[in-house]
Amino acid sequence: MAGAGLAALLVMGEADSLLMMLGTGNVSYGMSALQGIHVGGSTAVAAFDLWMTRQGEGTQPASWVVAYLVADIVFALVYGLALAAVLRRLYKGFGGVRIIAALPWAAAGLDIAEDVAIGVAIRNPQLRPFIFGLSLLKWLAVLAVVVSLAFALIARFPNAWSWKGSWPEAIWRFRIQVIVVTLLFVIIAIPSRDRVGTLAQLPDVLRGFLNDGPDPWPWPDALAGPSWIVYSGLSLLALAGAVWVSGHWLPFKTQAVPVPRDPRRWSWMWLAIGALASAMAMGGILIAIKAIHLKLPYGMDPWKAALPLFAGCGLLVVVLLAHLRRGAQRPPVDAPDWTDKHAAILNTLTVAVVMAGGLGLVRAFIGPFLLPGEEAAEWAILPDTATLAETAMLAVGVAAIAAGPVLFAVLVVTGQTKPRHIAWPATVAVLGLAAAIAVTMGIDPEAMGGALGANGAIAVALTIACLFLGGLVAAAYRSSPLWHWDTPNPQSVTQRATAPNPHSFTLPLATPRPHSVPLPAATLAVVLFATLGIADSAGTYHDVYLSGPKPQTIPLSKEFDDWQKAAMACRAEQSVPPDRLAFQPMLFVSAAGGGIRAAYWTEQVLDALTTHTCGNNNIFVVSSVSGGSVGTVLWADPADIAKPGQQVRDVAGRTALGGVGTAWLFRDLPRAFLGFDPGWPDRAKVMEDTWRRRQHGLDWAYPESSGQPWRPITVLNATDLLTGCRVAVTRLEPPPGRPPLHCDSPGVSDAVLPGTFYASQFTDGADCKGTGFVSAATAAMLSARFPFVTPSGNMYACNKKPGTETTQVIRIQVGDGGYLEGSGMLSALQIYQAVNPLVAKHNRQAIASTENQPLIVPFFLAIGNGYRSEAEIPLRPREPELHAPIAAAHAKEAVGNPQRLEVQARAAFGGALPGTNGPDLKICRGNRFAAAAPTSRPEVTAPLGWALSQYAQTTLDEQWRDLNPDLGCLYGLLDGTSLLPQKFTPE
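Keep in mind that this is a model prediction, so the values were computed, not measured. (Residues numbered from 1 in each chain as written. Predicted model: local features only at pLDDT ≥ 70, side-chain atom pairs only at ≥ 80, totals over all residues. Heavy atoms only, no water.)

Below, the discussion takes up the nonpolar core. Counting residues in hydrophobic clusters, the biggest one holds 175 residues, and the most contacted among them are Trp51, Trp691 and Leu861. Here this core takes 17 residues from helix α15 (residues 340-370), the largest share from any one element. Ignoring anything within four residues of it in the chain, the contact list for Trp51 reads Leu19, Leu22, Tyr29, Gly30, Met31, Leu34, Pro61 and Val65. (Core = buried A, V, L, I, M, F, W, Y, C linked by side-chain atoms within 4.5 Å. Buried < 20%, exposed > 50% of the residue type's maximum accessible area, 1.4 Å probe, protein only. Helix = DSSP H or I, 4+ residues; strand = E, 2+ residues; numbered from the N terminus. Contact = heavy atoms within 4.5 Å.)

So, in structure tokens, the structure goes:
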């Protein structure tokens, strides 16, 4: 029942989200326009009018409304049944219980009547103004239900509340299992209106299973790929087994068995904690005295490297001392009786894991199922373009949800008592399987992560966490408590006071009542991991991988000369009328971040620019951030720059995301417990290697030298998390001097990218031995290191002070460029400002020349990362005076936001050309700026992440086809179809 209700909510949320995307300007409507609280029917009429005007334009709003209504009917039946049962239980024994229990059914009935009326109104416009009446009645009934529930809870609370034996106590007993299952639902199954955010990545991973990678099973062509979903589904079954098994590890009273009196049976866990503390102390000492040789930054004190182990040891010692003082030699906390409550909770949690998988499939494929194809019927009521694969995946999801009650019944039959004869064999099987999978995933995260996908890797990680933390909690309940104290027993005192002779000394004195607090083992484990991670501030585990020779850097003036030679040579044979001036476009391109979605979109736009006259000779610089840097580097591949192609498709599959997720969970997290670099590659290196294996266009040494033919300057923007300075990965020459100065230092004389560290300045290893630089994959990753998905990376610059043997080491901790500025426009604008005098000088010479030299026309193209809204920006009301200081504190954040930088770019690239005066040429209507970004509309939206399904790729392709006409002016400049007048005078 609960599964059906959640599935209905998923369908309703998807349909409502699609309808909201049909808005124009500032006006958009969801189903709340029909089912909300409204006084009058104007809102419903306006919503229907807007939706029906879009019917047949590649959209099917009528079918989305019908899908919503069908799901809402199912949801109404579910909540009517559930709330009626709750009210019947709360009002048991009350004379009017039948009337009160009928209120939820009244609300559900009015809800269904409202749905039917809306369905009829699709074809009958005259009914639309009257729908609000049913909605008001429905909400009145819902209000009556809420009041009845509140009254019952308030009336029962003072008398009926008791922790011992209550449902909350039983749920708390299984708190680890509850947390694990809740996380699973939040990550996989719970719907969200954010169609482009991080959590939208996982449904797209499931969609990507259908068309990514070879299929080893003999499925029909229409179902190519679903066998991979089977592997991911098996990980969910393992998680369900872990929940059930770890729940049965908890101690319960199944019969009257006295507590064993041997204290040795209570102390083994504390002995293990003591042994772990000793091992950590010994490991820290061996590291500190250099008995264990680690890879450490140059000049770093080994005692600092040992600090994480000492910190963890200290935490364990504090816990041991507390136990020895107040909890040693005490029996374990009393176990509760195994009741039907415990069986119901554990069985429900086990079944919920399987149902979460089904809900995840429904969430992933309901969108493609509802969306139309190229040709949509004008008045289609039901989806007419759902493929066999989409229908099959929805069917599998619904089947998994429907299997929940069956599995629950099986568990009830096997669990009438606490089934030790089943739990222990299941324990051996689940532990063996989990250990084998965990070790395999740690050894080869790329292969296992690719097979299971990010969803499967998450399920396996939750399985390990459930078994590990659940086992710790079970062991803590069977061990001596952390803390013990005694209080007077009120019952004994009362018996003594009411005795026939209260002053008689023959009655026993008041016996104390014991209180024991078990070791919070799960909390201790989490705090221990956190302590180790915080103390680990000087490791080399996340150092950037250096390879290849030290790069050659080039001054901006020489870059301009090289570009000018290549561009002018390309335009030399262009036919120009004698009364007109020739011109050469000079493109400054920015590419914003946004994961693999931005990479795909960036490469697509840059490839399109390359197909025009003179190809990449038109482009002077590309400044990119995060995912845009991945697309830029793939496009800039020296072996492929002249022949456009979608190389991002090769790296957009689930393998890279699954690999980085697996390495994070099964390499980097265990490494955090060690506190030092164990020598295996981290998750950033795993992703880089995966990219290189899937696309050789990321295997070349970066940055390349300019050379011939011309290769545009690329600036991959990152952020130094230690100083907040920008880090530029580029071939542009950095400011002179060594070591690198702080970006805010008055001594920095950089006129190209002020306030910037250059990655080419940090080419030394952590031990200051040897130099090198990075591959294209590593360069792209430097700009896209977004903790926690990928780790920040360390880079070093070593400099020996003159006349001394002292070596100064400067370290930067490189993170995603979006931390500082996410559009890439800032660097492109600063480079334009630096090169503008050279452009102006050339244009003055071209105007004065009698040889009709081409005039340079700078043009700015902003490649957006997200979905641009076509709505107007509304005016905000006045801020209250009390809130004005808080609002003003956020005003400075707007200085570097993409919208403000776009305004600056439009101003810089508007008006007269550099080096000219006189009237504005009105090139592209006086604005040499264009934006290339997808727009918000009903589709399978590409999410923010590192995997992109074929569905999302197709929608981006369609977005680009629709955007092409808007770039007509830019294309005219590139192809030479726009000509400039010749009447100019030098400045």
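This part takes up the state of the cysteines. For the coordinates displayed, the defined rule picks out one disulfide. A sulfur-sulfur distance of 1.9 Å marks the disulfide that ties Cys768 to Cys798. Measuring the twist about the S-S bond at about -80°, one finds the Cys768-Cys798 disulfide to be left-handed. Here Cys768, found in the loop between β9 (756-758) and β10 (774-775), pairs with Cys798, found in strand β11 (residues 793-800); they are 30 residues apart in sequence, far enough to count as distant. Here Cys768 falls in the partly exposed class, since its relative accessible area comes to 22%. Judged by relative accessible area, which is 13%, Cys798 ranks as buried. (Disulfide = S-S within 2.5 Å.)

Here we come to the pattern of salt bridges. Should the charged atoms of two oppositely charged side chains come close, the side chains can pair. Inspection of the entire model under this criterion finds ten salt bridges. Across the pair Arg207 and Asp204 runs a salt bridge, and its minimum N-O distance is 3.2 Å. With Arg207 and Asp204 both in helix α10 (residues 201-208) and three residues apart, the pair spans about one turn of that helix. By relative accessible area, Arg207 is classed as buried at 8%. Ionic pairing is found between Glu688 and Arg785, a salt bridge with its closest N-O pair at 3.8 Å. Of this pair, Glu688 sits in helix α26 (residues 683-694) while Arg785 sits in the loop between α27 (776-783) and β11; the two residues are 97 residues apart in sequence, bridging distant segments of the chain. With respect to burial, Glu688 and Arg785 carry one shared label: buried. (Salt bridge = Lys/Arg side-chain N within 4 Å of Asp/Glu carboxyl O.)

With that out of the way, let us pick up the packing of helix α22 (residues 595-610) against helix α23 (residues 627-635). Interhelical geometry of α22 versus α23 gives an angle of 40° and a closest axis separation of 7 Å. Relative to α23, the element α22 is oriented oblique. Note on packing geometry: the crossing formed by α22 with α23 is right-handed. Taken together, the residues of α23 that come into contact with α22 (itself represented by Gly595, Ala598, Ala599, Thr602, Glu603, Leu606, Asp607 and Thr610) are Gly627, Gly628, Val630, Gly631, Thr632, Leu634 and Trp635. Of the residues that constitute the contact of α22 with α23, the class distribution is six nonpolar, seven polar and two charged. (Axes fitted to C-alpha atoms, helices over the stretch in contact; angles between N-to-C directions. Parallel < 35°, antiparallel > 145°, perpendicular 65-115°, else oblique. Left-handed = near helix turned anticlockwise from the far one by under 90°. Nonpolar A, V, L, I, M, F, W, Y, C, P; charged D, E, K, R; others polar.)

Time to look at helix α12 (residues 268-288). For α12, spanning 21 residues, the distance from its first C-alpha to its last is 30 Å, which sits close to the expected 30 Å at 1.5 Å a residue. The set of residues buried in α12 consists of Met269, Trp270, Ile273, Gly274, Ala277, Met280, Gly283, Gly284, Ile287 and Ala288. Phi for Lys290, located one or two positions after α12, is positive at around 65°. (Expected span 1.5 Å × (residues − 1).)

Turning our attention to the side chain of Asp764. Mapped onto the elements, Asp764 comes out in the loop between β9 and β10. At 2.7 Å, the side chain of Asp764 forms a polar contact with the backbone nitrogen of Cys798. (Polar contact = N/O pair within 3.5 Å; in protein donor to acceptor, adjacent residues only side chain to side chain.)

Without other data, these values stay purely geometric and don't point to any function.
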